[in-house]
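# Observations on chain architecture
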Amino acid sequence: MGYIVKFKLVGLFFFLVFIATQSRSQEVHANKSNYIFILSSYSYNYDWATDVAKGIQEKLEDETLNTIVDIAYAGVESNQSFLAGRYSMQAAFSNIRLSETPIIPDVLVLIGEESWMYYRIMNFSGRWAKIPVVMIGAHSPIMEDYSQFFSTSSISAHAMLPIEKSGGKMHLSGLLENGNEQAALQLMQRLLPHLEEILYLSVENYQDVYSKEIIEKILLEGDSKIKIRTLNIAKMSPDSIKHDLLALPRTTAVLVNTALPPEKSAVPIFTLRDNHINGKYVVGGSFPSIQSYVYQGSEAIKRVLVNNPTENAGFALTKGTTSFLNKEAVNHFGLNREAKKIPDVFWVNVPPPFYIKHMRVIFIIVLLTVVFAIATILIFKQIKHHRYLKSSSNRFKELYEEFHHVHENMPTGLIQMDTSGNMLGHNPAALRFLSLAYDVDKKTFNLFDTEIINLQTKKAVNRQKAVSTTVQLDGNYYRLIPRYVWDEENGGDGIMLIVIDNTQIHIERKAKERIYSIFNFAMDASSLGVAEYDLVTQTGFATNAWYDNLCLERGSEIKDVYRHIVEKDRRKIEKFLSKVGLENKTFYEVVRIEKDGEIHWVDFIVQLMEYAPEQNKIVVAQLVLNIDAQKQREEELTKALITAQESDKMKNAFVANMKDDITQSLTQIVDSARKITETKDLQERVELLAYIESNNDTMLKYVREILQMSQPEHSKDKEL
């Protein structure tokens, strides 16, 4: 099922390529008298074939009027399956092959042996047999019988039609390679007299395989002692290739054809193609140049255009008669003496003449200058280094004395130990702790054996993690901080145990906690809540009474703390806080709090403590006092005042009504008393005393009523 989907996708790709290219080809060909199609079996990235194709295109379009040249790259130079190679070639061939009304090129140019072989298979029906074909860069044996280069399992036998059997049906001409391998071997033997082995780098394509067979045949027929070994770099990583080439002996040379020359090599590299010759390790080779292929190929195509298409123009053999040598690589491998013996050498990558002529002198001058500069720098550095060492030594002595003084007089205990926890030394401040922590049986102190330190802390110290713990010994509290340090005296790792006496701190902390508890109790008892918090971060602390007075849950976050204050009062507070520090710094109001239908009254006081908005810090302090009892007393006093005012009015009315009676009784009492002093009659005096007693009772009655009216209501209730 997967192969069917792949074939459909490939077919769709060919159709889209055909649609995209057909319109341009038809339009161009309609305006041109000559249409030439170049089909390369190489990929575009292969320099030799690409340079040949582009060179022919530029030359023909410049020299021949009304001519258009199209190039297609199949990219089947690698050793792939027959089916994959045919699909790749078919895709590149689709410009003239897939259209219903195909555009027939005047000349079909094939570059590479694979293009010729796949073209013969695709054109087996003879539909395009009348198109003149110019073949460039193939070996003649492959042209004569290409079937031997396909396995019988990849293509049917009847498709293997040798060229001599169909020569009358095809119009074929071109440039065939011949003798490049022989010329390359001769060049290698001349430059390397002690050559024993050739390492042939191959990507296992048709050109590499066939060239290797030719070289083996030449060595066998010539009874040569030189051996050839093949290295398939298509399946190797660049690091593996570099490793193999750098390990080669001096009696070995490397030869490449279509493979890319490696960047590093311990031995000279030779090539059968005119590409990648410039470099440090590619010595060169004997082969026709790319310009030669371009010139001869263009001439062959022009002859086909001029001659009768029904006649063949013939073939031309290109031979590697010219030796191309890389001057830099020859110098690098020391082959100048042998290279001078070779006639007709074409040099590339030649250094400037002045550099060659004066290279040794320039090198010596530069070397001496560099040596002198380095020596001068080293001398100055050495002098500076000695001064630095002397200064550092003196400073070290001073620091050591200071350290020793600090170590001995430091109030913090320091205990040196090895990595096993055994004590090596201590300062005087650690004596008190050690006297309490000593192991009586072992008469020593070991960090990992002592029972005063818990197991979790010991494990953390073993893992060299930062940890601290607090222990209690004989009523004293010690904070222990073990750290791994470098032991200068023993030259290895050690453990430094820092002992801090926290007894006084612990006592003070307990006292502070007690004071805070008492303070919190006092605040709760007095219903006075205190809080201090940052308006920006909404963080701080508050007493329990503060939460209670604002009807909030104790210990909750200091956020949205005014939600139970009635809206009118809350707006006043929020307005003040929004401008605190800019206008006012103190706020005082009596506000109402309502929750669950109950009303509470508090005195709300805010005081600005710190104003630093540029540091995101605006700290305020709050006092919240519950005044519900005060409000209740005020209401009771108001009621009592109203009652007293009403009682006073009644008293005044009563006194006004009884004024005459009281005045009359008093007058009668006074007159009777005066008469008693004037009369001497005893009977009259008795009567006057009885009259005075009667009026006196009446007066006392009035006074009681007045006093009763003047008493408070609760006193009257008691009497009642």
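Residues numbered from 1 in each chain as written. Predicted model: local features only at pLDDT ≥ 70, side-chain atom pairs only at ≥ 80, totals over all residues. Heavy atoms only, no water.

### A word on the packing of aromatic side chains
Applying the stated criterion to the full structure yields 13 aromatic pairs. Ring centres of Trp48 and Tyr293 lie 5.2 Å apart, and the angle between their planes is 85°; on these two criteria the pair is classed as edge-to-face. On the criterion of sequence distance, the pair formed by Trp48 in helix α2 (residues 47-63) and Tyr293 in helix α10 (residues 290-306) is long-range, its members being 245 residues apart. The residues Trp48 and Tyr293 share a single accessibility class, namely buried. (Phe/Tyr/Trp six-rings, centres within 6.5 Å; stacked < 30°, edge-to-face > 60°. Helix = DSSP H or I, 4+ residues; strand = E, 2+ residues; numbered from the N terminus. Buried < 20%, exposed > 50% of the residue type's maximum accessible area, 1.4 Å probe, protein only.)

### A short note on the nonpolar core
Core analysis: the biggest nonpolar cluster contains 72 residues, and Leu39, Leu108, Leu191, Val254, Phe270 and Val283 have the highest contact counts within it. For this core, the leading source of residues is helix α8 (residues 206-221), giving six residues. Apart from the residues lying within four places of it in its own chain, the contact partners of Leu191 are Phe270, Val283, Leu325, Leu335, Glu338, Ala339 and Ile342. (Core = buried A, V, L, I, M, F, W, Y, C linked by side-chain atoms within 4.5 Å. Contact = heavy atoms within 4.5 Å.)

### Description of the sheet that holds strand β17 (residues 476-487)
On the basis of which strands lie adjacent, the open sheet formed by five strands has the order β15-β14-β18-β17-β16 and antiparallel pairing. For this open sheet the edge positions go to β15 (423-426) and β16 (469-473), each flanked by a neighbour on one side alone. Taken over all neighbouring pairs, the strand axes of this sheet differ in orientation by 30° on average, direction set aside. Bridging between β17 and strand β18 (residues 492-501) involves ten bridges; their strand directions are antiparallel. Across the sheet, residue Arg483 finds its bridge partner in β18, namely Met496. (Pairing = 2+ DSSP bridges. Axes fitted to C-alpha atoms, helices over the stretch in contact; angles between N-to-C directions.)

### A short note on the environment of Lys675
Mapping Lys675 onto the fold places it in helix α20 (residues 628-678). What makes Lys675 partly exposed here is its relative accessible area of 41%. Linking Lys675 and Leu688, residues 13 residues apart in sequence, is a C-alpha distance of 7.7 Å.

### A few points about the sheet that holds strand β21 (residues 586-595)
Within the open sheet, the five strands sit side by side as β20-β19-β23-β22-β21. Their pairing is antiparallel. Among the strands making up the open sheet, the edge pair consists of β20 (539-542) and β21. Pairs of neighbouring strands in the sheet enclose a mean axial angle of 20°, with direction left out of account. In this structure, strand β19 (residues 528-534) lies alongside strand β23 (residues 617-626), joined through seven bridges in antiparallel fashion. Bridging across to β23, Tyr533 finds its partner in Val620. Sitting on the sheet, helix α17 (residues 503-526) is in contact with β19, β20 and β23, with an inclination near 120° to β19. Running at roughly 145° to β21, helix α19 (residues 567-578) makes contact with β21 and β22 (598-612) of the sheet.

### With respect to the pattern of salt bridges
For the structure shown, the criterion picks out nine salt bridges. With a closest N to O distance of 2.7 Å, Glu63 and Lys59 form a salt bridge. Taken as a pair, Glu63 and Lys59 lie in helix α2 at a separation of four residues, close to a single helical turn. Using a relative accessible area of 43% as the deciding quantity, one classes Glu63 as partly exposed. (Salt bridge = Lys/Arg side-chain N within 4 Å of Asp/Glu carboxyl O.)

### Points about unusual backbone geometry
Even without being a glycine, Asp223 presents a positive backbone phi close to 50°. The topology assignment puts Asp223 in the loop between α8 and β7 (227-232). By relative accessible area, which is 68% here, Asp223 ends up exposed. If you check the backbone angles, Cys551 has positive phi at about 60° while not being a glycine. Relative to the helices and strands, Cys551 resides in the loop between α18 (544-549) and α19.

Read these as geometric descriptors, not functional statements.
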